[in-house]
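Observations on the model geometry
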Amino acid sequence: MSGLSRRGLLKTGVAASMLAATGVPARAEAKKGGTLRLGIAGANTSDSWDARTHSDSFMIMLAYGAVFDCLTEIGADGQLKGELAESWDASADAKVWNFKLRKGVTFHNGKAFGADDVIESLNMHVAEGAKSAAQPIVSAITNMEKINDHEIVFTLEAGNADFPFLLSDYHIVMYPAGQVEEAIAKGIGTGMYKVESFDPGVRALLSRVDSHYKDGSAGWFDSVEAVAINDASARMNALMTGQVDAVNRVDFKTEPLLRANPTVNIFEVTGNQHYTFPMLTNLSPFDNVKVRQALKHSINRQEMVDKILLGHGRVANDHPIGPANQYFNDDIAQNTYDPDKAKSLIKEAGLDGLTVQLSAANAAFAGAVDAAQLYQASAKAAGINIDVIQEPDDGYWSNVWMKKAWCACYWSGRSTEDWMFSTAYEAGVPWWDSKWDNSRFQELLLTARAELDSDKRRDMYGEMQQIMSVDGATVIPMYANYVDAHSTKLTNSGTIGNVFQMDSSRLVERWWFA
Amino acid sequence: MGSVSKIILQRLGLGLVTLFVVSIVIFTAVNLLPGDFAQSILGQGATKDAVEAIRKDLGLDQPFFARYLDWLSGAVRGDLGTSFAAANFSSFVGSDAGSGLGTVAQTIAPRFENTMFLAGVTAMIAVPLAVFLGVLAALYRETIFDRAANIFTLSSISSPEFFLAYVLILVLAVLNPILPSLSNIFDGMSFSERLERTLLPALTLTLIVTAHMMRMTRAAIINLLASPYIEMARLKGISPMRVIVKHALPNALAPIINVIALNLAYLITGVVVVETVFVYPGIGQLFVDSVKLRDIPVVQACCLIFAGAYILLNLAADIMSILSNPRLRHPK
């Protein structure tokens, strides 16, 4: 007890608590050390280090957030910066991109990182028989030319100003060329943490690499232990009893208990994640814009945020661009709950009343069936009959979504406007879940994509959001927040990313022990 | 002893038939569920092409009987096949990088080991405790002790498992932080740490299985207490404890052993809820995950293990009943 008396200890304790009470942020210098223990939902026995297959938080956090690197990274402040790429520039039509790669980077097995790794890692997504979610991004690259080991030129089939943004996608991580299979089996990347052990769907143990190009700006923990805890109560329990230091996806029902616990902090961000009710416009009555507008005015959005998300969200305005997007347009007139207006819109459509079926299952999003029933109740005041059809969770995405005329759906959102629109709203894409084809909208989508001038893009994307909000065939009632929690032993820079949950899934790199 | 080995052979033969029937039932049942592995793994991304590609990789495009026969012919040769979850992974890689990885046996073995460890720890606590309490309850029947033991064990068996688990977490992990609430055991953990982490789930399960065994012990003993030979023992002036342990208990063993076997089988097959609450990586979790994923080879193998556990434990119970009974041991 190095000469510290009990009284002395008490005094320092008092001093510490007074410091805390003065409100001086405890965000002093980041410091190294400690083992971060995570309790993460979203793990599966089918998990692997193949980023092409990643779709759930456990693997995204570990692969994209710790073990592997992308070419570019969206910082906690939303700004794009280089990760394995040092700098880039584009031709005037945004068709030809020149990327300079970081030098002196090595993979965990000692192999040096270079242009060949980039080419092979990108080609993985378009390989014969590969099933990658990033396939549309990579297939838009018509040519990859290696200038030297640390410079590469991409030629795109059409201009795309967002190209560097797209390369920050969590599917497009860099693997060592010629050793991809081994890298997928063992988890060999260029990230700040290397894999010590990995048991799919159960647990992973990572340790800090000795030296890394991000040294001094990230990667403070010595090691990371991630435990898969898919059950919400068990996850909250693990945090409350100090078995883990941070958990994702706070269970809203037990959130007040968590909030009451002095050793736990909840952190919450509104990102692009949103819930939708897409209508198929090739089917009657959804081909009629008045009917679509009537339905948009017969949903009580605030009630839905309060009851389905228990307040952890934000009212949305029937377009999929969210607060985490660069060109989010917050000035569009809000579609409000207005039964009278909905009634007169139905009349304008030349109908006496309206009866429609709405298919929902909780596979679409947590609480989708309840949301559909709330919708049913609020629409009744407008004289609209909504038959809620509860569908089975199993096979929902195959048998209901894009098949039934009107159903519930969710999107985690995309980091760029173009990406979001071209995933689900560009005419003819596989996930075109409304078949809504507005010529001005489609035209703007193509023009904005190749435009490098930021102000012009802001105008165009703003107009697209406006068109969709008024004319579109998707009711988008709300953005759902990312709500996570951590022990007060952990701290961070004060800026938390909102692209995904858990500080854009980069908590492992960005946080430290206070 | 010839009759005993004959019984064993007979029962093992019947057991094989049962396993065969179970495998057909499970295969059909999983097949009847809506959706298949391709759809569940792709989720929202289940475009027609992607679904077809995965189905083809895994042979899911084959007709039902062809798939079953294929599985069966492998199973009788001891090859339980490849887990779809892992096979899928290797097909993504595009070559046989995944071969050798992810066979069903490799997927299940560590989980099964964990389940057996938990069942073992629970049995070590629960069985002696239940028999001991049962004997005491029979000895002090109709007393406060008997009533208290009955009320306690019956109320714990009547409570849902997750409720008991949370009560124990509250008492032993939150209010008095003695034991860890997270039982995420893994390879390379020292035995004592593993034991410490397993203790809370084991205690929960103990609460659940004790009542059944204890009440059977008590009932079986009390049943015998009216027999003339017990009367005789009492008349000889033997102490009540000795009467029960020495004279009544051996004759009551058969039903007690049967109930113990049933409860042990439950410990192997039915502890998903407890595993979930404590995040214990046992076979129950794997089974539920696999049903959700429609990973038929793993589901089949789990079911065979579950059915096998029941068959073997029942067989063991019957044999031990025979061995505990001299009249059956030495048939005229």
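For every chain, the first residue of its written sequence is number 1, and the numbers climb from 1 along that sequence. Written order decides the labels, with chains lettered from A and ligands numbered from 1. Note on the predicted model: pLDDT of at least 70 is required for a residue's local features to be given, and 80 or more for side-chain atom pairs to be given and counted; whole-chain, interface and lining totals, by contrast, use all residues. Hydrogens and water are ignored here; the side-chain numbers use all heavy atoms of the structure.

1. Remarks on the overall build of chain B
Only DSSP runs of H or I reaching four residues or more are called helices, and only runs of E reaching two or more are called strands; each is numbered from the N terminus. Assigned secondary structure in chain B consists of 15 helices and zero strands. Projecting the C-alpha coordinates of chain B onto the three principal axes gives extents of approximately 85 × 60 × 35 Å. Buried means the residue's accessible area, taken with a 1.4 Å probe over protein chains only, is under 20% of the maximum for its type, while exposed means over 50%, and partly exposed covers the values in between. The burial tally for chain B puts 48% of its 332 residues in the buried class. A fraction of 74% describes how many contacts in chain B between residues 6 or more apart in sequence connect residues 24 or more apart. All accessible-area figures derive from a Shrake-Rupley calculation using a 1.4 Å probe, and residue coverage is judged against the displayed protein chains alone. Total accessible area computed for chain B in this model is approximately 16,000 Å², and 69% of it derives from carbon and sulfur atoms. Just so you know, the count uses Lys and Arg for positive and Asp and Glu for negative, and it drops His and the chain ends. For this purpose, a charge sits on NZ of Lys, CZ of Arg, CG of Asp or CD of Glu. The distance from the centre of the 23 positive side-chain charges to the centre of the 20 negative ones in chain B is 17 Å. Two residues form a contact once any of their heavy atoms are found within 4.5 Å.

2. With respect to the UniProt feature "domain: ABC transmembrane type-1" (unreviewed entry) in chain B
UniProt positions are given in the numbering used here, feature names are shortened, and annotations may be inferred rather than shown by experiment. On the UniProt side, "domain: ABC transmembrane type-1" (unreviewed entry) is annotated at positions that read residues 112–317 of chain B here. Segment residues 112–317 of chain B splits into 83% helix and 0% strand. End C-alpha atoms: 22 Å apart.

3. Some words on the UniProt feature "transmembrane region" (unreviewed entry) in chain B
Residue and element names in this part refer to chain B. Residues given the UniProt feature "transmembrane region" (unreviewed entry) here are residues 12–33, 116–140, 161–179, 199–226, 252–278 and 298–323. Strand forms 0% of residues 199–226 and helix 93%; the C-alpha atoms that close the span are 40 Å apart. Between the C-alpha atoms that bound residues 252–278 the distance is 36 Å, and the span itself is 93% helix and 0% strand.

4. Looking at the interface of chain B and chain A
Between chain B and chain A, the residue contacts involve 37 residues of the former and 36 residues of the latter. Summed over both partners, the accessible surface that disappears when two parts come together, traced with a 1.4 Å probe, is what is meant by buried area. Together, the buried faces of chain B and chain A total about 3,000 Å²; carbon and sulfur atoms form 61% of this surface. In what follows, salt bridge is the name for a side-chain nitrogen of Lys or Arg lying within 4 Å of a carboxyl oxygen of Asp or Glu. The tally of links between chain B and chain A comes to zero salt bridges. As used in this structure description, the phrase polar contact means that two N or O atoms lie within 3.5 Å; if the pair is within protein, one of them must be able to donate a hydrogen and the other to accept it, and residues adjacent in sequence are counted only when both atoms belong to side chains. Our enumeration of links across chain B and chain A arrives at three residue pairs in polar contact (both at pLDDT 80 or more). Elements supplying a minimum of two residues to the side of chain B that touches chain A: helix H2 (37–42), helix H3 (48–58), helix H5 (84–93), helix H8 (161–175), helix H12 (272–278) and helix H13 (283–293) of chain B. The dominant element in the side of chain B that touches chain A, judged by the number of residues it contributes, is H5 of chain B, at five residues. Split into classes, the residues belonging to the side of chain B that touches chain A amount to 22 nonpolar, 10 polar and five charged. Think of it as three bins: nonpolar holds Ala, Val, Leu, Ile, Met, Phe, Trp, Tyr, Cys and Pro, charged holds Asp, Glu, Lys and Arg, and polar takes everything else, Gly as well.

5. Notes on the environment of Ala361 of chain A
All names here are of chain A. Topologically, Ala361 is positioned in the loop between strand E15 (354–360) and helix H12 (368–380). For Ala361, a relative accessible area of 0% gives the class buried. The sequence separation of Ala361 and Ala408 amounts to 47 residues, and the corresponding C-alpha distance is 7.4 Å. The residues touching Ala361, leaving out its near neighbours within four places in the chain, are Ala368, Val369, Glu391, Pro392, Asp393 and Tyr396.

6. Examining the pattern of salt bridges
All names here are of chain A. In the structure shown here, the tally under the stated rule is 36 salt bridges over all chains. One salt bridge in this structure joins Arg52 and Asp50, with 3.0 Å as the shortest N-O distance. For Arg52, a relative accessible area of 5% puts it in the buried group. Ionic pairing is found between Glu73 and Arg506, a salt bridge with its closest N-O pair at 3.9 Å. With Glu73 in strand E2 (residues 72–74) and Arg506 in the loop between helix H17 (501–505) and helix H18 (507–510), the pair connects residues that are 433 residues apart, well separated along the chain. Of the two residues, Glu73 and Arg506, both sit in the buried class.

7. Some thoughts on the nonpolar core
One broad trend across soluble globular proteins is that nonpolar side chains are buried collectively. Residues and elements named next belong to chain A. Formed by 75 residues in total, the largest nonpolar core has its most connected members in Leu38, Leu71 and Phe154. Per-element accounting of this core gives the leading share, nine residues, to helix H2 (residues 57–67). Aside from chain neighbours lying at most four places away, what touches Leu71 is Gly82, Glu83, Leu84, Ala85, Leu101, Phe113, Val118, Phe154, Leu167 and Met174. Core analysis: the second largest hydrophobic core is formed by 66 residues, Trp406, Ala424, Leu445 and Tyr479 among them. Buried Ala, Val, Leu, Ile, Met, Phe, Trp, Tyr and Cys residues that are joined via side-chain atoms within 4.5 Å together make up what is termed a nonpolar core.

8. Thoughts on the packing of helix H6 (residues 104–139) of chain B against H13 of chain B
Residues and elements named next belong to chain B. One way to put it is that H6 packs onto H13 with a least axis distance of 8 Å and a crossing angle of 140 degrees. It follows from the interaxial angle that H6 and H13 lie oblique. Across the interface between the two elements, Thr107, Ile108, Arg111, Phe112 and Thr115 from H6 touch Ile283, Gly284, Gln285 and Leu286 from H13. For the contact of H6 with H13, a count of residues per class yields four nonpolar, four polar and one charged. In this analysis an axis means a line fitted to C-alpha atoms, helices contributing only their contacting stretch, and an angle means the value between N-to-C directions, from 0 to 180 degrees. Oblique is the label for any angle not covered by the other classes, which are roughly parallel (under 35 degrees), roughly antiparallel (over 145) and roughly perpendicular (65 to 115).

9. Structural notes on H8 of chain B
Taking 1.5 Å as the rise per residue, H8 of chain B with 15 residues should run 21 Å; its terminal C-alpha atoms sit 20 Å apart, in good agreement. The sharpest bend along H8 of chain B comes to roughly 30 degrees, located at Ile169 of chain B. Of the residues making up H8 of chain B, those classed as buried are Glu161, Leu164, Ala165, Leu168, Ile169, Leu172 and Ala173 of chain B. In this fold, the buried residues of H8 of chain B make contact with helix H7 (232–240) of chain A together with helix H7 (144–158), helix H9 (191–224), helix H11 (240–269) and H12 of chain B. To estimate how far a helix should reach, multiply one less than its number of residues by 1.5 Å. Throughout, the bend at a residue refers to the angle made by two axes, fitted to the seven residues ending there and to the seven starting there.

10. Some remarks on the sheet that holds strand E19 (residues 482–487) of chain A
Strand order in the open sheet formed by seven strands is E8-E9-E10-E1-E11-E19-E12 (chain A), with mixed pairing between adjacent strands. At either margin of the open sheet sits one strand with a lone partner, and together these are strand E8 (193–199) and strand E12 (264–269) of chain A. Between any two strands, at least two bridges found by DSSP are needed for them to pair.

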